[in-house]
Amino acid sequence: MTNPSHTPKGRKLRLVGASVLVLAVAVAASGIASRAHNKAELARQTTDLAIPSVAVVSPRTGEGSQDMVLPGTIDAFYEASIHARVGGYLKDWRQDIGAHVKAGQLLAEIDAPELDQELEQAKADYATAQANAALAALTAKRWQALQGTESVSQQSIDEHSAEAEAKKAAAFAAKANLDRLQALISFKRIVAPFAGVVTARKTDIGDLITPASGQELFSVADTHEMRIYVHVPQAMSAMLKPGMTAIVRLPQYPHHDFKARLDTTSNAVDKASRSLLVELLAPNADGLLSPGAYGEVHFRLPADKGVLQVPASALLFRREGTQLAVVGADNRIHLKPVELGRDFGTVIEIRGGLSPSDRVVDNPSDSIAEGDEVRVAAPKQDGRS
Amino acid sequence: MLAIVRIALSRPYTFIVLAVLILIFGTLSWIKTPTDIFPDIGIPVVSVVWTYNGLPPDDMSGRVVYYYERALSSQVNDIQHIESQSLPGYGLVKVFFQPGVNINAALAQITAASQTVLKLLPAGITPPNILSFNASSVPILQLALSSPSLSQTSLYDYGQNFIRPQLSTVAGAAIPSPFGGKVRQVQIDIDQKALQAYGLAAGDVSRALAAQNQVTPVGTEKIGSAEYIDQLNDAPETIAALNDLPVRKVNGAVVYMHDVSTVHDGSPPQVNMVRVNGHHAVMMTVMKSGSASTLDVINGVKSLLPKIEESLPRSLHLSAVGDQSRFVTDAVTGVIREGVIAASLTGLMILVFLGSWRSTLIITISIPLAILASITALSVLGQTINVMTLGGLALAVGILVDDATVTIENINWHLEQGKQIRVAIMDGARQIVVPATVSLLCICIVFVPLFGLGGVSGFLFRPMAEAVVFAMIASYILSRTLVPTLANYLLAGQNLHPAHGEKKNAFGLFLQAFEARFEAVRLGYMELLNLALRHRRVFVGGFVAVALLSMGLFPFLGQNFFPPVDSGQIKLHLRVPIGTRIEETARLCDEVEKSIRQIIPPAELENIVDNIGLPTTGSTVAYVNSGTIGVDDADILITLKEGHKGATDDYVDTMRRRLPREFPGSTFAFLPADIVTQILNFGLPAPLDLQVTGNRLRANRTYAQTLLRRVSEVPGIADPRIQEAFNAPTLTLTADRSLAAELGMTEHDVTQSVQNTLAGSLQTEPTFWLNPKNGVSYPIVVQMPQPQTDSLDKLAVLPISGGGAHQVLGGLVRVSRAASSAVVAHYNVRPVIDIYAATRGRDLGAVAADIQKIMSETASAVPRGSSVVLRGQVSTMTSAYHQLYAGLAFAIVLIYLLIVVNFQSWIDPFVIVSALPAALAGILWMLFTTHTTLSVPALTGAIMCMGVATANSILVISFARERMADGVDALTAAAEAGFTRFRPVLMTALAMIIGMLPMALSAEQNAPLGRAVIGGLVFATGATLFFVPIMFSLVHGGKKAAPATDHPVEGPSHD
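Residues numbered from 1 in each chain as written. Chains lettered and ligands numbered in written order. Predicted model: local features only at pLDDT ≥ 70, side-chain atom pairs only at ≥ 80, totals over all residues.

### Examining the nonpolar core
- Membership of the largest hydrophobic core comes to 295 residues, with the highest contact counts inside it found for A396, V468, A471, A919, C945, L1017 and V1028 of chain B.
- If near-sequence neighbours (up to four positions away) are discounted, A396 of chain B is found in contact with A467, V468, A471 and M472 of chain B.
- Membership of the second largest hydrophobic core comes to 77 residues, among which are L70, I228 and A260 of chain A together with I800 of chain B. (Core = buried A, V, L, I, M, F, W, Y, C linked by C-beta atoms within 7 Å. Buried ≥ 20, exposed ≤ 12 C-beta atoms within 10 Å, placed from the backbone. Contact = placed C-beta atoms within 7 Å.)

Written out as structure tokens, the structure is:
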């Protein structure tokens, strides 16, 4: 082995060495190439993944409404408290609470014997006065017939005439007294002042009734239509206009909506409570509304038809103000500053800055920015609105 | 050393007894030592959880957490850093400590600090939960409680109040409060209409409750000779009695609780929901605490379950999901299997090379003993049996074989010289004591850098290094003691070289053929070596060039901290649009799960568990490490069936592509599901955490968003997201204080009514009801049922009372919309914004490098006073790499110095060290062709390779030096050295390579280690056999014969 590189063995060795070298280079090259290819593929995928998918919504109109619910007190259309004008004992009552009564219907009677006696006396007084007046008139007539006969003095004639006049007046007075007592006696009968419902009876047979004490015997309410009073806080009072309708709900009829119409307001805010008194009228044909009841008054303020709305979840609150992210035709984000209108909770009115054809991003991410490329996701059938 | 060998010969039972003792203690340690996936990672973390129901994150951060963090930083020692998260209702502060902290002292200081700040915090706040755990506290078992008939409330109640206390007796188990379900509490559902009708407000109800339900002892009374205990009907005994408590007198009539509310046994609005395969359930997580063994904890829990089940209603099903014991057992048995296969293969190899049953027997006895001794030592040091220590032992098998083989071979060689057995043993021992010691020292020295590793990798690799070093030392000792003893018994009468003998059985024939083949190879090698020696310069130049060129592969490898493993689990973190209510999140989860079931075929899918929102108790919140901030976050845990065909990563990739398109507005992130990566991530939900820290929040957010946009473009990045969402939909209620004052009300009246209506009264006026039946106290909470306040209009008519006046909320308060923080995070008491990201299809190192580039490009845009840092697994990785590189360089220097001492020469050690680049080249080629990225295990393999390669080169050089000392010229000495040492060098390398083969072929965490060792050794052996002799001859070329001034290593020469 003097010069092994020239022997066949040496040549073989060289061949082996060279092929090993070539193989190594090939392995390295292919390894590096596949890694580079992988990296390029990965870069493509990463760029693809980096494009966020967004859900878009179109602005809508006329959805949602504002529902202002305030506690209200229901009162009768008219309500009268009935007191006694005559003293005495309650003889009898005819109508109990809850009774529907007509105007003039007897409710109760008072037993007032001294009043009866007074009447009898007045009748007698009147008869006496009448008799006296008749006698005086006759006497005066006789005396006047003697006038000019010089048998009597003019003085006497005048005296008798005057006496007749006085007696007549006394008779009138006695009549008036009789009439008064007769009217008073009619107050023994306590009658309904108008058609309605007896809402209270606070007396019973045998009760001593003294008019001076101001004791209420009955209460009668006219419930064909009800008045509902609501104290509306000053801050919420601006949107209330006479003529608007409201819905009243009562705890005892949770599924019954009673319609009411705003009749008038006090036009003055109460200093103590800073609230405006509002009066509504509600028909009560079925009589379900009862005076004194508590009711929830719902003032429903529908959305303006002409104003665009977006889901509240689309809003972006940035340092620059409130914005909406809109997807342009080139699938790039454009941030639009908008002016908010009324807030209906789930949707919110956009007063300005948005056009009906805009594609608005719902639930935009924190980091969404002007010019971002996005992928608009196909709306899901059962997805959120 | 030789004295010991003499004892071995004269008093043979000594070391037989030693072997028996090792066997006994080793087996005992093996049984007693806890088995686990990883060594205990003793980096203590203390979590402090402040709870204040309903407090928004901004307030939690500003009014609670900041105070507390500042107090901590001044009152607690040894803090490394403080992290915090302020969530709605929770303030979670994590304190990380310097290594070596006295955790008990630190806990005491933290507790003291919590007490001092308490008075400065919002009224009614309770002292925080303080929990101490470490990085290896991860969920190891989940118990799902489900029932067809029981309500979610009772499920939670059973879990929290009955199962949990029993399970907590299992040693090492930490069981936080259950996830999901509904918390049982007495609800006073107030009726807004009724309140308005009576002119009352929510505050009146809670005031009445506080006044009527008291827990106050009234005292005793002595009458006559007795002392009576007086009992007042302070606290109602039944829920019905609560219904009859008077609230207030209105218009002459007493209004009772039942007039304005309904008192019932209920639950607060649900904030945490767990579903197992779509069915509502309650999930109890079992965590491992401290140094307990995962397997022990799981077994302990499982053995208790039947007993617990007996005490529960029949309809309650208790099932274990997410059991990590399977994973742990698989990993551990995998490593053991690899080790056993490796040991058998190497044993076979030894048998073939030595051609003697008896010699092989001696070696195969000494290897398990060395391993058992190492396990005993590890056990004494408090280490567990885990993947790392077992991996170390598997790594050691190759070298252990070597140590014993050298001893036996040497004895055989001396026997062949016709010496008496005792003389042969003594002579053999004398000859190899120095090279064996040097080689032991070499291998031990290379592992020194592993001992210096800091952080998580230190805790992981120190036990591995310990295992190797202990096994090495044990093997070294056994080779001096037990091996001579056994040789004395077994080798005395053996027939040397049976191949030359008369017995011609099959094995004998095979050995003969092998010997002949081997001899031919050796001659071929000789020829090649001579050829190379003749063209020294060309060869050396070529060799160096190839080695250097191979370094060019380095950038293409990529760097990972740890190689990924397919654990068959996917943890998907879903964040639906911030502010989504829990019912809607649950619906979205259902749809996401539907999509997942389309992606993963049913045959592959074991189960899907989702966990929506944050748990209801603060102490459990501390254990949540998936980045959940509220009900808009859900964790979906997908478990694949064992033996699934589709790769987990492919499923993840498909989901990554499809899910974001199907669910716009939601963010998806795939979190580490396996226990290994969770431990390595150290409580973070992602390996990459880009933090923007600073006080200028708005500017930082803008910057973080630009950064996110740039980072999303980095190839191979996955799930980039900003953790700190700041678009939580918020309604701002602005009360007109002046108007309120005119009405005689204050902000307090407004607050109380709104709070009692929306948040409930628990935080400000806590009262409790004791259930006498089961002895549990349940809170009583005044709250308005959520459906009653489901619109802005209903909020506007909330009654408010105070100062005798009555008003509705809309009369005093203006409502407007805004966005606020959903979570506020701090890092070292400064606000921080985290950009989390993971990688897909690309190594962590490369992605991190790209991110670093973006960071430096955008450095000018960083707001003044703010800073950007890249943290997470990647920073742990970088520091581990730096430490390992530095350690490796240091190890080479140490080895060099060691050989200098041994050879008493500066040049020969250089020749030995100069072969190491070849080992590096081999590692690079191996990793490159197998598409294995660089990782800490691969680097460990590289370190191991250095040790073995050096030990082999020492063998060659020492012989060459010996020859030169005998007067032979350098060229001949080199050739002879190569030829003579061909066999032992090849045997050592082969033993190691074969030993690593099963590991390298496995798909386990340590596969890169095996691959690195194999690749490195293949090249290093080539270098040892060619490059080293040639370098030697080059270096010594000028000299004829070196004067033998020293006593160089004398190695055995074979055949």
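### Here we look at the confidence of the model for chain B
Residues and elements named next belong to chain B.
- Per-residue pLDDT for chain B has a mean of 86; in total, 97% of the residues score no lower than 70.
- Scored below 50 in pLDDT, residues 498-502 makes 9 contacts in the model with residues more than four places away or belonging to other chains.
- Confidence drops under pLDDT 50 across residues 1040-1055; counting only partners more than four residues distant or on other chains, this segment forms 36 contacts.
- Confidence metrics for the complex model read pTM 0.83 and ipTM 0.75. (pLDDT = per-residue confidence, 0-100.)

### Here we look at the pairing of strand β17 (residues 321-327) of chain A
All names here are of chain A.
- With 5 of 7 residues buried, β17 lies mostly within the body of the structure.
- For strand β16 (residues 315-318) and β17, the ladder comprises 4 bridges, and the chain directions are antiparallel. Within β17, the residue paired with L316 across the bridge is Q323.
- Across 5 bridges, β17 lies against strand β18 (residues 333-337) in antiparallel orientation. Bridged to L324 within β18 is K336.
- Where β17 folds back on β18, the antiparallel hairpin that results is connected by 5 residues, among which N331 adopts a positive phi of roughly 60°.
- In the sheet, β17 pairs with strand β21 (residues 359-362) via 2 bridges, with the strands oriented antiparallel. Of the residues in β21, the one forming a bridge with V326 is V360. (Helix = DSSP H or I, 4+ residues; strand = E, 2+ residues; numbered from the N terminus. Pairing = 2+ DSSP bridges.)

### Overview of the interface of chain A and chain B
- With 46 residues of chain A at the contact, the number on the chain B side is 44 residues.
- No other element matches the 13 residues that helix α1 (residues 8-50) of chain A contributes to the side of chain A that touches chain B.
- For the side of chain A that touches chain B, the per-class residue count stands at 23 nonpolar, 13 polar and 10 charged. (Nonpolar A, V, L, I, M, F, W, Y, C, P; charged D, E, K, R; others polar.)

### Thoughts on the confidence of the model for chain A
Residue and element names in this part refer to chain A.
- Averaged over all residues, the pLDDT of chain A equals 85, while 96% of them reach at least 70.
- Within the model, the stretch residues 1-5 combines pLDDT values under 50 with 6 contacts to residues more than four positions away or in other chains.
- Scored below 50 in pLDDT, residues 381-385 shows 0 contacts in the model against residues more than four places distant or in partner chains.

### Quick look at the sheet that holds strand β15 (residues 308-311) of chain A
All names here are of chain A.
- Taking strand neighbours across the sheet as the criterion, the 4 strands line up as β2-β15-β20-β19 in an open arrangement whose pairing is antiparallel. At either end of the open sheet lies a strand with only one pairing partner, and these are β2 (60-61) and β19 (339-343).
- Direction of pairing for β2 relative to β15: antiparallel, over a ladder of 2 bridges. From the neighbouring strand, R60 faces β15, where its bridge partner is Q309.

### Quick look at helix α23 (residues 648-662) of chain B
- A rise of 1.5 Å per residue sets the reference length of α23 of chain B, with its 15 residues, at 21 Å; its end C-alpha atoms lie 21 Å apart and thus fit the reference within 8%.
- Along α23 of chain B, the residues classified as buried are T648, Y651, V652, M655 and P660 of chain B.
- Those residues of α23 of chain B that are buried are in contact with β1 (53-57) of chain A together with β17 (569-575), α21 (582-599), β19 (633-640) and β20 (667-671) of chain B. (Expected span 1.5 Å × (residues − 1).)

### Some details on the sheet that holds strand β25 (residues 776-783) of chain B
Residue and element names in this part refer to chain B.
- The sheet built from 4 strands is open, its strands ordered β13-β8-β25-β24 with mixed pairing. Of all strands in the sheet, those bounded by a partner on one side alone are β13 (261-266) and β24 (767-771). Across the sheet, the mean angle separating the axes of adjacent strands is 25° when strand polarity is ignored.
- As defined by bridge partners, strand β8 (residues 185-190) adjoins β13 across 6 bridges and the pair is classed as antiparallel. Among the inter-strand pairings, I190 is bridged to a residue of β13, identified as S261.
- Most of the contacts of helix α7 (residues 202-212) go to β25, to which it runs at about 155°, and overall it touches β8, β13, β24 and β25. (Axes fitted to C-alpha atoms, helices over the stretch in contact; angles between N-to-C directions.)

### Thoughts on helix α10 (residues 294-310) of chain B
Residues and elements named next belong to chain B.
- The terminal C-alpha atoms of α10 lie 25 Å apart, and with 17 residues this matches the ideal 24 Å at 1.5 Å per residue to within 8%.
- Of all the bends in α10, the greatest, near 30°, is centred on L304, and the proline P306 appears no more than four residues after it.
- Among the residues of α10, T294, L295, V297, I298 and V301 are the ones counted as buried. (Bend = angle between axes of the 7 residues up to and from the residue.)

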